[in-house]
Amino acid sequence: MNLQFVLMQLFNGLILGSLYVLLALGLSIIFGMLGIINFAHGAFFMLGAYAAYTITSYVIPNFWLALISVPVLMAIFGAFCEMLLFRRLYDLPPLYIMLLTFGLMLVLQDAVRLLFGSMGVPFGTPKSLTGMINLGFMYYPSYRIFLIAVTSLTAAAVWLFLTRTRLGCIIRAGTDNPRMLQALGINISKTMTLVVGMGTGLAGLAGVLAAPIQNVRPLMGMDLLVDCFVVVVIGGMGSLGGSVVGGLIVGQIIAIGVMVWPPMANTLIYLFMAAFLLIRPRGLFGREAFHE
Amino acid sequence: MLELEDVHSHYGGSHILKGITFRVEKGQVATLLGRNGAGKTTTLRTIMGLVPVTKGFIKFSGEDITNKKPYRIARMGVGYVPEERAVFPSLSVYENLTLPMTKGQSGLWSIDKVYSFFPILKTRGLHRGSQLSGGEQQMLVIARILTMNVRLIILDEPTEGLAPMLVREIAQIVQELKKEGISMLVVEQNSRFAEEVADHHFIIYNGRIVYSGSNSEFKTDERIKSQYLGV
């Protein structure tokens, strides 16, 4: 095992971590605001990849167009899901709405399977981003460098939005205590639509970005979603900073696992999570009083 | 200012309010007293629209607010401070203060005026809500609703868990806000605090109002206190 290989793996961990960050941020704001775990989040990610495939194969073969339009389309799709489905169940115990998202996941997966088959579809790297970049100490695929750049910029933009704008302030307050917001004159039903839309848009973006490097298949979101639960638990439920740090940590654990003992790579994150929770039950940045 | 007429409401399948009728006059501080489980908090939550009214009606400054959405009731000028205080821990003190939705007549309670009322909050402006002491949290949540230009403040046990010195400070704040023309409805367990700040008292027992009296009447009525409050 030489240094080149180790560095390469750490970069691959960063790629995986970046995708986790995009997904976990969405999961976290939805969890905070609606108080539910969105099981459909992985399906939203998968749908983003298929939307990109549809656009580049049947509409206009241009990756850049897909990169910009898919997150917007997915955000609109998510907002509709909130308005037409989730909203009807807010007055019931949270279990019902989680069951709904679970059902939504199955429906979306099977719908895609019906339309595109269960084998998956080919998705090439965009032409302008094929090839390698010389980083000085190693060569690395330029598309992957691009992916890291886009996710970093997106995460930074989301961060600025959440910390510097009034709407972001409302969303952060909502992850603390959504009911209290109403008593302060804030119409939270609009905020909830926005939050689900935003989270779904981020999942869609992750889907487009992942399409050229992962197999685009109906179940591609499943594995990633389960890993994302680990990310959110390690980062601290409902903590946005925790989603970012947790995502990067889990990405690296898998990358290191692949180097040391590949069959154990995925199991390693659960072991890490279990050990971590023994030391710090509320996760990295989670608050103690969050789960009463 | 606030008028409840035969208000009924249910919570978690049981009938909690069984016909509540009372009025809080403009500029008045009224307390709602009663033992645990009598329905005090449910009354406040029902006024705020957080628990649905199943019968009867609620009026605020002449307008029917029965079963309106909580955010609409808040925007009309009703400020609610729940028992758990509900400071947003991940927001700074300043963000907590500027969060409420103001509608119309803005500037009545500018952030500067709020800070001059609560100088401690100014020095803590950039701290997170989670870093405040219990007393500071109580001041923050009261200050926060002032920026909504409230006309009626609903306080749920504002003195709970506070040291005697802070209780006195909260009492002073209540008096000063009254001078500003704000009406208040306060749920209290601490009847000494209630006697110090209020003009009028109501006692709720088993979902009904069983006593209504001015502060001077209430102070001397030992019988009613021992019967319903166990003082």
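As shown above, the structure is provided for reference.
Quick caveat: nothing in here was measured; it's all calculated off a predicted structure. (Residues numbered from 1 in each chain as written. Chains lettered and ligands numbered in written order. Predicted model: local features only at pLDDT ≥ 70, side-chain atom pairs only at ≥ 80, totals over all residues.)

**Looking at the overall build of chain A**
Helices and strands together make up the secondary structure of chain A, namely eleven helices and two strands. Going residue by residue from the N terminus, the α and β elements of chain A occur as α-α-α-α-β-β-α-α-α-α-α-α-α. Projected onto its principal axes, the C-alpha coordinates of chain A cover approximately 60 × 50 × 35 Å. Put simply, of all contacts in chain A between residues at least 6 apart along the chain, 76% involve residues at least 24 apart. (Helix = DSSP H or I, 4+ residues; strand = E, 2+ residues; numbered from the N terminus. Contact = placed C-beta atoms within 7 Å.)

**A word on the sheet that holds strand S9 (residues 200–205) of chain B**
Residue and element names in this part refer to chain B. The sheet built from six strands is open, its strands ordered S6-S7-S8-S3-S9-S10 with mixed pairing. Strands at the two margins of the open sheet, each flanked by one partner only, are strand S6 (78–81) and strand S10 (208–214). Averaged over all pairs of adjacent strands, the angle between their axes in this sheet comes to 15 degrees, without regard to strand direction. (Pairing = 2+ DSSP bridges. Axes fitted to C-alpha atoms, helices over the stretch in contact; angles between N-to-C directions.)

**Thoughts on the interface of chain A and chain B**
Taken together, the contact pairs 14 residues of chain A with 16 residues of chain B. Listed by contribution, the elements that provide at least two residues to the side of chain A that touches chain B are helix H6 (166–176) and helix H7 (178–183) of chain A. Among the elements that make up the side of chain A that touches chain B, the one with the highest residue count is H6 of chain A (five residues). Per-class residue counts for the side of chain A that touches chain B are seven nonpolar, four polar and three charged. (Nonpolar A, V, L, I, M, F, W, Y, C, P; charged D, E, K, R; others polar.)

**Notes on the nonpolar core**
Counting residues in each nonpolar core, the largest one holds 155 residues, and the members touching the most others are Leu19, Leu23, Ala49 and Ala206 of chain A together with Ile154 of chain B. For this core, the leading source of residues is helix H1 (residues 3–34) of chain A, giving 15 residues. Ignoring sequence-local partners within four residues, the contact set of alanine 49 of chain A consists of Gly207, Val208, Ala210, Ala211, Val216 and Met220 of chain A. (Core = buried A, V, L, I, M, F, W, Y, C linked by C-beta atoms within 7 Å. Buried ≥ 20, exposed ≤ 12 C-beta atoms within 10 Å, placed from the backbone.)

**A word on the sheet that holds strand S4 (residues 53–60) of chain B**
Residues and elements named next belong to chain B. The strand order across the open sheet built from four strands is S2-S1-S4-S5, with neighbouring strands paired in antiparallel fashion. At either end of the open sheet lies a strand with only one pairing partner, and these are strand S2 (14–24) and strand S5 (63–64). Where strand S1 (residues 2–11) lies against S4, six bridges are found, and the strand directions are antiparallel. Bridge assignment links histidine 8 to a residue of S4, and that residue is lysine 55. Relative to the sheet, helix H1 (residues 40–47) contacts S1, S2 and S4, its axis offset from that of S2 by approximately 70 degrees.

**Thoughts on the pairing of strand S8 (residues 183–188) of chain B**
Residues and elements named next belong to chain B. Among the six residues that make up S8, six are buried, leaving the element largely enclosed by the rest of the structure. In S8, alternate side chains face the same way, and those of Ser183, Leu185 and Val187 on one face and Met184, Val186 and Glu188 on the other are all buried. Looking at chain direction, strand S7 (residues 152–156) and S8 are connected through five bridges and run parallel. Following the sheet pairing, isoleucine 153 is matched in S8 by methionine 184. Each parallel crossover has a hand, and the one from S7 via helix H7 (residues 164–179) to S8 is right-handed. (Right-handed = clockwise from strand over helix to strand, strands pointing away.)

**Section: unusual backbone geometry**
The phi angle of most residues is negative, glycine excepted, and most peptide bonds adopt the trans form. Residue and element names in this part refer to chain B. For aspartate 6, which is not glycine, the phi dihedral falls at a positive 50 degrees. Residue position: aspartate 6 is located in strand S1. On the basis of neighbour count, aspartate 6 is assigned to the partly exposed category, with 13 C-beta atoms found within 10 Å. Phi is positive for asparagine 67, which is not a glycine, with a value near 55 degrees. Note that asparagine 67 resides in the loop between S5 and helix H2 (70–75).

**Focus on the packing of helix H2 (residues 41–59) of chain A against helix H4 (residues 94–116) of chain A**
Residues and elements named next belong to chain A. At a minimum axis separation of 9 Å, H2 and H4 run at an interaxial angle of 25 degrees. Relative to H4, the element H2 is oriented roughly parallel. Crossing geometry of H2 relative to H4 is assigned as left-handed. Listed contacts from H4 to Gly42, Ala43, Met46, Leu47 and Tyr50 of H2 are Leu104, Met105, Leu108, Gln109, Val112 and Phe116. For the contact of H2 with H4, the class distribution of residues is nine nonpolar, two polar and no charged. (Parallel < 35°, antiparallel > 145°, perpendicular 65-115°, else oblique. Left-handed = near helix turned anticlockwise from the far one by under 90°.)

**Structural notes on H2 of chain A**
Every α-helical turn comprises 3.6 residues, leaving residues that sit three or four positions apart pointing alike. For H2 of chain A, spanning 19 residues, the distance from its first C-alpha to its last is 26 Å, which sits close to the expected 27 Å at 1.5 Å a residue. Counted residue by residue, H2 of chain A has 15 buried out of 19 residues, so it is predominantly covered. (Expected span 1.5 Å × (residues − 1).)

**Some points on H1 of chain B**
All names here are of chain B. By the criterion of burial, H1 is predominantly enclosed, with seven of the eight residues buried. Of all the positions in H1, only Lys40, Thr42, Thr43, Leu44, Arg45, Thr46 and Ile47 are classed as buried. Glycine 49, located one to two residues past H1, shows a positive phi value of around 85 degrees.

**Side note on the environment of valine 197 of chain B**
Residue and element names in this part refer to chain B. Structurally, valine 197 can be placed in helix H8 (residues 191–197). Looking at valine 197, the number of C-beta atoms within 10 Å reads 23, which means it is buried. Along the sequence, valine 197 and lysine 178 sit 19 residues apart, while their C-alpha atoms lie 9.4 Å from each other. Once residues lying within four places of it in the same chain are set aside, the contact partners of valine 197 are Val29, Ala171, Val174 and Gln175.

**Points about the environment of tyrosine 50 of chain A**
Residue and element names in this part refer to chain A. Its location among the elements puts tyrosine 50 in helix H2. For tyrosine 50, a count of 25 C-beta atoms within 10 Å puts it in the buried group. A C-alpha to C-alpha distance of 8.4 Å links tyrosine 50 and valine 121, two positions 71 residues apart in sequence. Residue contacts for tyrosine 50: discarding those within four places in its chain leaves Val112, Phe116 and Val216.

**Digging into the pairing of S9 of chain B**
Residue and element names in this part refer to chain B. The pairing of strand S3 (residues 29–33) with S9 spans four bridges and is classified as parallel. Following the sheet pairing, alanine 30 is matched in S9 by histidine 200. Between S9 and S10, which pair antiparallel and follow one another directly, the connecting turn spans two residues, one of which, asparagine 206, has a positive phi of 50 degrees.

Keep in mind these values describe shape, not function.
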